[in-house]
Amino acid sequence: MTTLTLTQGDITRESADALVNAANSSLLGGGGVDGAIHRRGGPAILEECRTLRASRYGRGLPTGQAVATTAGDLDARWVIHTVGPVWSATEDRSDLLASCHRESLRVADELGARTVAFPAISTGVYRWPLDDAARIAVETVRNTPTAVEEIRFVLFDDRAYEAFARRIG
Ligand code: ADP
């Protein structure tokens, strides 16, 4: 039985087995959630990301996929990095956004994570409309079989919180 919960705030302040990072394909850091995770998590995360770039993900992590590293100094065991799609008005990339959620849960299951916190992937720099992102995120995690017991969406501001709250009901 998986419970969906919602909280407002900074994901780097959360305590969970795994925190999901809205990364970019370089895996070498960026703005938004990514920047905050690397800042608070310390250099161990970047070090492992560099190792991944030098091995399995020489060309970067493809959009819609997910990979785990240590969580460094964060209050978690792992960070699961996933790359959301950039919003497009002319091309439907919903499957890729859904894939980020499915793949993150698959990686969480492989690790044995029981609590997983997600930010609102793609809704920042990648400009995905919040209501639609909330619909895709909530529908996907509800429809993905997983041993994760708590899936927590951590929303940074009121607007994002309200959008997810409307979907979760
Ligand atoms: P993307 O590139 O996937 O759009 P961003 O990090 O730019 O990723 O933004 C994703 C969402 O995360 C946005 O809604 C943004 O407001 C939010 N956000 C930014 N910083 C944090 C944080 N520290 N904790 C939780 N959410 C955050």
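Everything quoted here is computed from the prediction, not taken from an experiment. (Residues numbered from 1 in each chain as written. Predicted model: local features only at pLDDT ≥ 70, side-chain atom pairs only at ≥ 80, totals over all residues. Heavy atoms only, no water.)

Peer 1: I keep staring at the overall build of the chain and nothing clicks. Help me out?
Peer 2: Counting its regular elements, the chain contains 5 helices and 6 strands. Starting at the N terminus, the α and β elements of the chain follow one another as β-β-α-α-β-β-α-β-α-β-α. In terms of overall size, the chain behaves like a compact globule, its C-alpha atoms giving a radius of gyration of 14 Å where 169 residues would be expected to give roughly 15 Å. Once the C-alpha set of the chain is aligned to its principal axes, its extents read approximately 40 × 35 × 30 Å. Among the 169 residues that make up the chain, the fraction classed as buried is 49%. Within the chain, contacts between residues separated by at least 24 positions form 70% of all contacts whose residues are at least 6 apart in sequence. (Helix = DSSP H or I, 4+ residues; strand = E, 2+ residues; numbered from the N terminus. Rg over C-alpha atoms; globule rule 2.2 N^0.38 Å. Buried < 20%, exposed > 50% of the residue type's maximum accessible area, 1.4 Å probe, protein only. Contact = heavy atoms within 4.5 Å.)

Peer 1: Looking at this structure, how should I read the site of the ligand?
Peer 2: Neighbouring the ligand are 14 residues; Ile11, Val33, Ser122, Thr123 and Gly124 lie closest to it. Contact between the ligand and Gly124: an oxygen atom at 2.8 Å from a main-chain N or O atom of the residue. Considering the ligand on its own, with 560 Å² of exposed area, one finds that the protein chains cover 89% of that surface. Put simply, the ligand lies in the largest pocket. Looking at the shell around the ligand, its residues break down into 8 nonpolar, 5 polar and 1 charged. (Near = heavy atom within 4 Å. Polar contact = N/O pair within 3.5 Å; in protein donor to acceptor, adjacent residues only side chain to side chain. Areas by Shrake-Rupley, 256 points an atom, 1.4 Å probe, with all protein chains shown as cover. 1 Å grid on protein atoms, 1.4 Å probe; cavity = no way out; pocket = protein on both sides within 12 Å on 5 of 7 lines; lining within 4 Å. Sits in = over half its atoms within 2 Å of the grid points. Nonpolar A, V, L, I, M, F, W, Y, C, P; charged D, E, K, R; others polar.)

Peer 1: It is not clear to me how unusual backbone geometry should be interpreted in this structure. Could you clarify?
Peer 2: Among all residues save glycine, negative phi is the norm, and among peptide bonds the norm is trans. A positive phi angle is found at Leu27, which is not glycine, with a value near 60 degrees. Of note, Leu27 is situated in the loop between β2 (18-23) and α1 (32-41). Of note, Arg127 is a non-glycine position whose phi angle comes to about 65 degrees, a positive value. Examined against the element boundaries, Arg127 turns out to sit in the loop between β5 (115-118) and α4 (130-143).

Peer 1: Teacher, can you tell me more about the packing of helix α3 (residues 94-111) against α4 here?
Peer 2: For any two helices packed against each other, the geometry comes down to the angle between their axes and how far apart the axes lie. Here α3 crosses α4 at 40 degrees, and the two axes come no closer than 9 Å. By the angle class used here, α3 and α4 are oblique. Along this stretch, α3 crosses α4, giving a crossing that reads as right-handed. Across from Ser94, Leu97, Ala98, His101, Arg102 and Leu105 in α3, the residues of α4 making contact are Ala133, Ile136, Ala137, Thr140 and Val141. Looking at the contact of α3 with α4 residue by residue, the class counts come to 7 nonpolar, 3 polar and 1 charged. (Axes fitted to C-alpha atoms, helices over the stretch in contact; angles between N-to-C directions. Parallel < 35°, antiparallel > 145°, perpendicular 65-115°, else oblique. Left-handed = near helix turned anticlockwise from the far one by under 90°.)

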